[in-house]
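Read off the chains here:
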Amino acid sequence: KRQMAVFADPNCGYCKRFEADIEKLKDVTVHVYLIPILGQDSVAKTRNIWCAKDKAKTWSDWMIKGVTPANASCDTGAIDANLALAQKHRITGTPTVVFESGQRVPGAIPVAQVEQLLSDAR
């Protein structure tokens, strides 16, 4: 299976566009690392998404459909770990995409380029 990782902030407009684009991809697993770097509202939305019963649906509903995540709380240690991982690898902007090959691409790239990079990683 093809895989890629995406570091994203829930308030990042480019992330929202990219999320809509990558839904068109077939046979790929996308690992999303939430990193709330765009202010306090990003911190709250990230917590609400992470603590939701269905994280993937809540993320997609927010990013694609604009449905605000319901307030939720839980252990947010994973979010802290995501931020530490991003800092360790000097990821300072969202979206940042990392492919299986290790290639890292900043920004919302076109789906055709994502396809090419996924193929190159194999």
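Residues numbered from 1 in each chain as written. Predicted model: local features only at pLDDT ≥ 70, side-chain atom pairs only at ≥ 80, totals over all residues. Heavy atoms only, no water.

Colleague: Would you mind showing me how to read the overall build of the protein here?
Modeller: When helices and strands are counted, the protein shows 5 helices and 4 strands. Traced from its N-terminal end to its C-terminal end, the protein shows the element sequence β-α-β-α-α-α-β-β-α. Here the C-alpha radius of gyration of the protein, 14 Å, is about what a compact globule of 122 residues would show, namely 14 Å. With the principal axes as the frame, the protein shows a C-alpha extent of 40 × 30 × 25 Å. Relative to its 122 residues, the protein shows a buried fraction of 41%. Nonlocal contacts in the protein, meaning residues at least 24 apart in sequence, comprise 70% of its contacts between residues at least 6 apart. On the protein, roughly 6900 Å² of surface is accessible, and the fraction owed to carbon and sulfur atoms is 50%. Separation of charge centres in the protein, based on 16 positive and 13 negative side chains, amounts to 1 Å. (Helix = DSSP H or I, 4+ residues; strand = E, 2+ residues; numbered from the N terminus. Rg over C-alpha atoms; globule rule 2.2 N^0.38 Å. Buried < 20%, exposed > 50% of the residue type's maximum accessible area, 1.4 Å probe, protein only. Contact = heavy atoms within 4.5 Å. Areas by Shrake-Rupley, 256 points an atom, 1.4 Å probe, with all protein chains shown as cover. Lys, Arg positive; Asp, Glu negative; His and termini not counted. Charge placed at Lys NZ, Arg CZ, Asp CG, Glu CD.)

Colleague: Help me out: how do you make sense of the state of the cysteines in this one?
Modeller: Taken as a whole, this structure holds 1 disulfide when the rule is applied. Here Cys-51 engages in a disulfide with Cys-74; their sulfurs sit 2.0 Å apart. In this structure the cystine formed by Cys-51 and Cys-74 twists about its S-S bond by roughly -80 degrees; its chirality is therefore left-handed. Here Cys-51 is found in the loop between helix 2 (40-50) and helix 3 (55-65), whereas its partner Cys-74 is found in the loop between helix 3 and helix 4 (77-88), with 23 residues between them in sequence. (Disulfide = S-S within 2.5 Å.)

Colleague: What should I look at first to understand the sheet that holds strand 3 (residues 96-99) in this one?
Modeller: Neighbouring strands of a sheet are bound in pairs by backbone hydrogen bonds; such pairs are parallel or else antiparallel. Spatially, the 4 strands line up as an open sheet ordered 2-1-3-4, and their pairing is mixed. Edge positions in the sheet fall to strand 2 (28-34) and strand 4 (104-106), since each of these pairs with one other strand and no more. The mean inter-strand angle of the sheet, taken between neighbouring strand axes irrespective of direction, is 20 degrees. Of the pairings in the sheet, the one linking strand 1 (residues 2-8) to strand 3 comprises 4 bridges and is antiparallel in character. Opposite Phe-7, over in strand 3, you have Thr-96 as the bridge partner. (Pairing = 2+ DSSP bridges. Axes fitted to C-alpha atoms, helices over the stretch in contact; angles between N-to-C directions.)

Colleague: Can you help me understand the nonpolar core in this one?
Modeller: Most often, soluble globular proteins keep nonpolar side chains buried together rather than apart. Counting 22 residues, the largest nonpolar core has Met-4, Phe-18, Leu-25, Phe-99, Ile-109, Val-114 and Leu-118 as the members making the most contacts within it. Elements with a contribution of two residues or more to this core: strand 1, helix 1 (13-22), strand 2, helix 3, strand 3 and helix 5 (111-120). Leaving out residues up to four positions away in the same chain, Phe-18 has contacts with Met-4, Val-6, Pro-95, Val-97, Ala-108, Ile-109 and Val-114. (Core = buried A, V, L, I, M, F, W, Y, C linked by side-chain atoms within 4.5 Å.)

Colleague: Looking at this model, I keep getting lost on the pairing of strand 3. Mind explaining?
Modeller: Side-chain positions along a regular strand alternate between the two faces of the sheet. For strand 3 and strand 4, the ladder comprises 3 bridges, and the chain directions are antiparallel. The residue of strand 4 that forms the bridge with Thr-96 is Pro-106. Linking two consecutive strands that pair antiparallel, namely strand 3 and strand 4, is a turn of 4 residues; a positive phi of about 95 degrees is found at Gly-102 within it.

Treat this as a map of the structure, not an account of what it does.
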